[in-house]
Every structure is written in structure tokens, then in C-alpha cells.
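Observations on chain architecture
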Amino acid sequence: MLSVKEIWKSFGGLIALRNISFDVEQGHIKALIGPNGAGKTTLLNIVSGIHQPDKGEVMFSGEKIIRLGPSRIARKGISRTFQHVELFGNMTVLENIMVGRYAKTKAGFFSSGFKFPSVMREEREIQRKSEEILNYINLGHRKDEVASNLPIGEQRILEIGRALATGPRLILLDEPAAGLNIKETRDLGEIIRKIRDELKITVVLVEHDMDLVMRISDSVTVLNFGEVIAEGTPLEIQKNPEVIVAYLGEEEEMQGGYSAHP
Amino acid sequence: MLTVFLQFLFSGLTVGAVYALVAIGFNITYNATSIINLAQGEFVVIGGLMMWFFSESLKLPFFVSVALTILTAGIIGFLMERLTIKPLKNPDLLLMIMITIAVSIVLRGILMFSFGKEPYVYPAFTEGEPVNIYGAIIQQQALWVIGITGFCIVLLFFFFKKTMLGKAMLACSVHTTAAKLVGINVSRMVMFSFILSAIVGAIGGMAITPISLMEYDKGPMLAVKGFCAAIMGGIGSNRGAVLGGFLIGVLESMTAGYIHSGSKDAVALVILLVILFLKPSGLFVSKTTLDLRKF
Amino acid sequence: MKKEDFLSLLILVFFVVLLPVISGNTYTLTVGIFSGINALVAIGLCILMGYAGQVSLGQAGFYGIGAYVSSILSVHMGFPVVISTILAMGISAIAAVILAVPALRLKGHYLAVATLGFGEIIYIILNEWGPGGPSGFGDIPHFGFFGYAIDSTQGYFYLIWGIVAVIMFFSINLIQSRTGRALRAIHDSEMACNAMGLNVTAIKIKVFILSAVYASLAGSLYAHYVTFISPSSFSLFYSILVLTMVIVGGISNLWGAIIGAVVITVLPELLRKFEELDVLVYGLILTLSLMFFRKGLVPILIDKIKKLRGFAFAKR
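A brief look at the structure comes next.

**Overview of the overall build of chain A**
Across its full length, chain A holds ten helices and ten strands. Here the C-alpha radius of gyration of chain A, 19 Å, is about what a compact globule of 262 residues would show, namely 18 Å. The buried share of chain A, taken over its 262 residues, is 55%. Long-range contacts, defined as pairs at least 24 residues apart, comprise 65% of the intrachain contacts of chain A with a sequence gap of at least 6. When the accessible area of chain A is evaluated, it comes to approximately 11500 Å², of which 51% is carbon and sulfur surface. If the 33 positive side-chain charges of chain A are averaged to one point and the 36 negative ones to another, these points end up 8 Å apart.

In C-alpha cells, the structure reads:
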């Protein structure tokens, strides 16, 4: 469903990505892993349109998307979360989700200003749908709180909820478990799996928590210094000698179900 | 034909030199603070009017008047930064734009109150016959304006490249936190940048007044044109600012000469909009540099 | 619409209906009319600044287009006043698009400077090419509906504040709708808005157009009320006056625009004009409120009321 083809990207002489290609299958949870600075976030930024690649193409459902820019890519059905949480901090939890519904609704300036019945209907529908999403991610009880007051774990989950509100077919998660404790990480893993199983949304996951990655992903792509060094099922990746070499000296990244010294 | 063209060209270069100085003034504060100081035009007016005050009203000798005008402008720049920019805590962009606008209005109000609404003029720096090039008449003062602008540019170049203070100011613009870490007093650099930009503006005002007169409300239009020159050259780049300033001056003078004198003021705005639309990074700066900018 | 806003709107209507009854003198009503006209411009600027985070220094330009275009159309071409007012709003909207599309694609100071230049240029155009040049022109017809012209001060007072009430109703609904939510979201994180599929630039452009149309409407109302206009009413000074109104009232609250407009319109009347000092006085008011009352009057009042209520509840 998503296919990244021969992507090159450099930042002022520093090559961040060289010739990256991989595919994501419909309904899969795809993990992108690799040491810090391997280019994972850059890659997500390219897929979501924040950066333009120097060379290469990204196809989404058979359509070229790289030059569309972030908001049109989002409307095509790719939604995302951010490594450093980018919630609308001054708005309530519910409002955050409601903004997510923006692209799926259409009330204009004029009709909103004069409160046409169609607008009122749509507004009620946005509210209903948003509350439904909040309950789905188990944040219903927080709905009227200001988003920046939530603990980081719930902020990350709220960000996923907001991404869901746009009605995506593909969702990109940039280190959703960063800063989360063990219980929060487990809840997160459940939500990710739930949205794939029940909502049939394909997931691309950039993550350092190997325990989480190995537990929930269907396939893993490993990046190092801007290149793909391995690809396969979690089991294959765990046994891949190149991956082990890449991760030597980064043991703290590999805690959990995987050891750099087998 | 040629004579007329040259005449327009030289008068364009003369006003263009002042736009270039305003644009450089924008760059100096922008580089140190990421603020576009919208009061920049008022400093030009201050330069012209204070010079008149010292040399014509108080009848002080020329060089004393120049020195006192520069001093006055520097003090106003200093006061502006210390009284309005420094006390702001966590200012956002909108607030910073508005505060410099507010200061420009206060300055304009003070100027209007003390000088009234009529235009002021004083004699050219040197008396003497105008220069004749292929029939085009160039007043000596015009040569002064262009010469002084050139001199300022060279001086600023050496200031930023060779002196400790200049290098420190440049460092703040490249990376504020890093500058702090190596022990540069960033707040003081911001202050210097306001003083310096005020002085640069005032010098432009002193030089141009004998040619184009000066009145209290010329500031906003000078700011728009200087900003346009800065954008054209790529904001932050002094070389670009000079080219942009001359280009706008010449285009304006050609429009006034060949099309209609009333439409000359619209030229800068049209150029500004076209550049923002086509190449917002400016003609002489790459897109990546712009991306790295905070605002 | 929230309960407070509905209540405030009711109070506004109540005041508007009552004022001419209590104080029938023409002077009070005239000041009231000018307050209302300024309030329209201020509401537009308030939405632009408080919600889209952009500042315009060219509202006088749109105000001027509104006044001149609608006057010229009705005086020289015989258009009905209502039609010429609407046409003027259209022209202002087009001018706004031309300014906003280049300037708002980018972040930062660009709109501020572009609008500053725009305002100055409109001012120059009115002086050079406007009917009567710098001395302006007169005999502009009053507003009228179905052949019945409104020419009494009281009639105009009701007309203008009626329009203010409608515009306020419209604006409050707008900022509490999907669009308003999007604007608040843009304030917090433009990057996230893009990732949610919001077209950030388009929303900002629309808001800027809205503010231009409000100013244009106000300009037409002004011209057809005073029946004589000259360029001096549409200089940069007016843009700054409106900016001061919005800042003094409080940019984060639409009611601030109305309160600010009334305060800044009534103030010089109370102080018997500042004569030559007016530019300086408004500059100082603007600077000082930016530095010390950044929130503005209305939000500060709301805080006070909340605190008082807090005490009242605590006592119980």
C-alpha cells in the first residue's frame, strides 16, 4: 500500500538517507528501527510531506505523493504523530480530536457564521465521532481537560487519537513509546494493535523500544547511517548479524526481548 | 534620450542608496534578534531632522552637528531596546512586530510635536558645480549620498569580519545558545544591534535630506521600501540589501520618469509581493538558509 | 454560542436600544455612531490578530476603499447605496487576496509590511486620483432601503449598531466553529495542523479577507453617514488607531474589540482632542498597553469577575 522507492535526502552536504526503498503491506504493522541518527524520522517526514526528498518517489495506493505537501498527503489518508508531542496544548482533549475531524467536514465561513442547520448537524456529528474516538483510546474521562496538562503517556495516546480522527488508511507513529513507563507502553501496544485489527489501519512505527517492536510488528526494516541494512520479520531481524553489529555499543537501546550479545 | 535615462538612473541610485541603508539597518537587528524593527524608517527621519536642528537651528559647525546627530540616533536606539525590547518576557512574533510599530508611532509623534508637519532642508555638504555626465546633471550631494553609503558598507564589512564586537554580534545571529555558551553577552549584543542600526539609518537621513527634504512622516514608506530591498536581497544578507536597495531606487525613478510620478511609491510594494510570491528567499540567498531561520 | 457570549450580545442590544431613549442628544449619538463604525473594523482586526496571529497595518486602506468605491459608485454612477456598498466589499476582498496570497504563504512579518505599504499606497491613490484630490468630495447619499433614506442621527445609530450586533453574532459563531477551532490549533502547532490535513495558508487568507470586508463595510457606512469624505480620514493614522483599539480591548476576546473601539473613540472627546499630540498619545497608549496590559481590558475584567465570583462561592 505504501512503497518508498530509492529515496535520497541530504541536509547541506550531510547525506541523511541514501537510496532507501521498502514496501508496507496493507494491514501490516511495519517497524522502522535503527540507531539514533539513522534517518528514521527524516524518512517519516518525507512520507508525510514535511520534507521533500532530493531523489526518489513515494507511492501511496499506487499514487505518487511526494510533491503534494503535508496537508494534501494527510487528506489522502496518511496521518501521523510526532516524536516531540505536537498537541494543541491550549485546547481541551476533546477539541484536539475535533480538529482532527477538520479535513473530513466542510462547514464554510458563511454557513458557520450564520449557524445554518447543516452546520449544527455537522458540529454535533463531529462531537459525537470525537467522543467515540476518545472512548476508543480510553481517554473519555479526560475530555474536558487542557491537553498540555495530561501526563506524557496520555498525551502520546491522545496524539494517536487525533491522527485517527482524520480517518486515515495509514498511520505513521514516530517513537510513540518515548518517555512512557512499562505499563503505559503495554497499553500503547494494545491500542496500536487494536487500530490495526479492528479499524484495519496500516501502521508504520518508528521505535526504540525493542520489546514493543518485536511484540507487535509484522515486519521490520533496519536503517543505519541512512541505509537499509536489513528487512524481515521480527524473528529474522533478531538473528541478523549485520543488525547486531550496527547495534553494538548501543545496548541500552536494545533492552527487553533482544540482546546485542546472543 | 540617453541624457534623460542617465538622469533617472542617477536619481534612482541616490534614493536607492538610502533604501540600502535602511535595509542594512533591518539586517543588523534581524541578524541579532530575528526582529524586524519597523521603526527603522523613523531613524532616517531622525537623522535628517536632528541634523537640521544642530546645523541650521543651533548653527553648530558641520562635523559637530554630524557627531551630535549620530549620538542622538544611537541614544534613541539604545533607549528603544532597553525600554521596550529588553523588558519583554517570552515575546511571540506578533508582539515583537507590534512593539516596534508602537515605538515607531511614538517616535513619529515626538517628531511631529517638536518639528511640526512641514518639510526641512539644509544646504548640501559641499558647494560647487554639479557634475555633468553625457548631459545628465548630478548634484554633488548625490555623490555624497552614494559615497557615504559605500563607506558605511565597507565599514560594516570590516566591523563584522575583523572586530571582536562585530564577530560576537554575528555569532549571536548564527546561534544564540552557542554564543551564550562561549560567554558572549547576548543581551548586550542585541542592544548594540539596535544602536548600530539606528546610526546607519540616521546617516542615510543626514545625507539625503539636502536632496529630497525630510518631514516627520516619511518613516513608514522608507521602512516599506527598505524592507522590500532587504527581502529582495534575501533578508539577513547585506550584499543583497545593497543590490536590492539600488534596484528598487532605480526602478522607482524610472517609473516616476517614464510612467507617472504618482505611481512610483507603488513600485516597491508590487516588487515585494512578486518576490514573496515567486522567490521568498530573495534573489541572492538560497532556500535552505531561509528554512533555517526562526521566522 | 456560549452562554456568556449570548448574554453579552443581549446586553449589547439592550444598551443600543436604550441609549437614544435615555440620552437623545445628537452629540452622544454621533460619538456612538463613530464608535460603532470603528468597532466593525476592530472586530475584523481582532479576529486576524487574536486568532490567526497576523497583524495588518493597512486596515485604513480597506476602510478607504469601502468609503471611496461606494461613494463614487453611488454619486457618479447612480448605484443604490446598498449595492455600491456590497460592490466595494467585493473590491476590498480582491485587494485582500492579492496581498494575502504572497504574504501569508510565509510566516513572520511579511503581512505586516505588505499591509503597511498597501495602506500608504491607497492613501496616495486617493490623494492623486480620488475625486477632489486631497480636499475630497461631498454630496454622498445616505443609506436607504426601498426608497426610504435613513438620515436622522438616531436612525443611523440603530442601523450601525444593528450591523455591529449582526457582525458580532456572525464572528462569535465563526470562531466557535470548525474554522475557529482550526485557527486556535494553528496558534498551537502549525506542523500538526498540516499533518491533520488543514490547509493552514488558506484559512489565514480567508480570515484576512474577512477582516478586509469588515473594514470596507465600515468605510462605506462612514461615507454615507458623513456624506463628505477626504483622504485624510484614511491615512496610516487610522490603521494605528484601530490597532490601538484592539490591543487596549484585548486581542484574545472579540468583545475586547467593541470595548476598545468605544474607549478609544470616546477618549479624545473627553480630553477635548489632544491637538497636535494625538499621534504621540496613541503611540504611548499602544506601547504601554503592549508592555503592561498585554491581555487587554476585557480579559482582565473577566479575570476580575471570576475572582470575585470565586470569593462569593468561597463565602457560601
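**Observations regarding the pairing of strand S10 (residues 227-232) of chain A**
Bridging between strand S9 (residues 219-224) of chain A and S10(A) involves five bridges; their strand directions are antiparallel. Bridge assignment links Val220(A) to a residue of S10(A), and that residue is Gly232(A).

**What to know about the pattern of salt bridges**
Residue and element names in this part refer to chain A. Under the defined criterion, the tally for this structure stands at 21 salt bridges over all chains. A salt bridge links Glu132 to Lys129; its shortest N-O distance comes to 4.0 Å. One end of the pair, Glu132, and the other, Lys129, are both in helix H5 (residues 117-136), three residues apart, so they sit about a helical turn from each other. Classification of Glu132 as partly exposed rests on a relative accessible area of 40%. By relative accessible area, Lys129 is classed as partly exposed at 27%.

**Topic: the sheet that holds strand S2 (residues 14-24) of chain A**
Residue and element names in this part refer to chain A. Within the open sheet, the four strands sit side by side as S2-S1-S4-S5. Their pairing is antiparallel. The strands lining the two open edges of the sheet, one partner per strand, are S2 and strand S5 (63-64). Running over the sheet, helix H1 (residues 40-47) touches strand S1 (2-11), S2 and strand S4 (55-60) and is turned about 115° from S1.

Thresholds, definitions, all that
Residues numbered from 1 in each chain as written. Chains lettered and ligands numbered in written order. Predicted model: local features only at pLDDT ≥ 70, side-chain atom pairs only at ≥ 80, totals over all residues. Heavy atoms only, no water. Helix = DSSP H or I, 4+ residues; strand = E, 2+ residues; numbered from the N terminus. Rg over C-alpha atoms; globule rule 2.2 N^0.38 Å. Buried < 20%, exposed > 50% of the residue type's maximum accessible area, 1.4 Å probe, protein only. Contact = heavy atoms within 4.5 Å. Areas by Shrake-Rupley, 256 points an atom, 1.4 Å probe, with all protein chains shown as cover. Lys, Arg positive; Asp, Glu negative; His and termini not counted. Charge placed at Lys NZ, Arg CZ, Asp CG, Glu CD. Pairing = 2+ DSSP bridges. Salt bridge = Lys/Arg side-chain N within 4 Å of Asp/Glu carboxyl O. Axes fitted to C-alpha atoms, helices over the stretch in contact; angles between N-to-C directions.

Everything listed is a geometric property; what it means functionally is a separate question.
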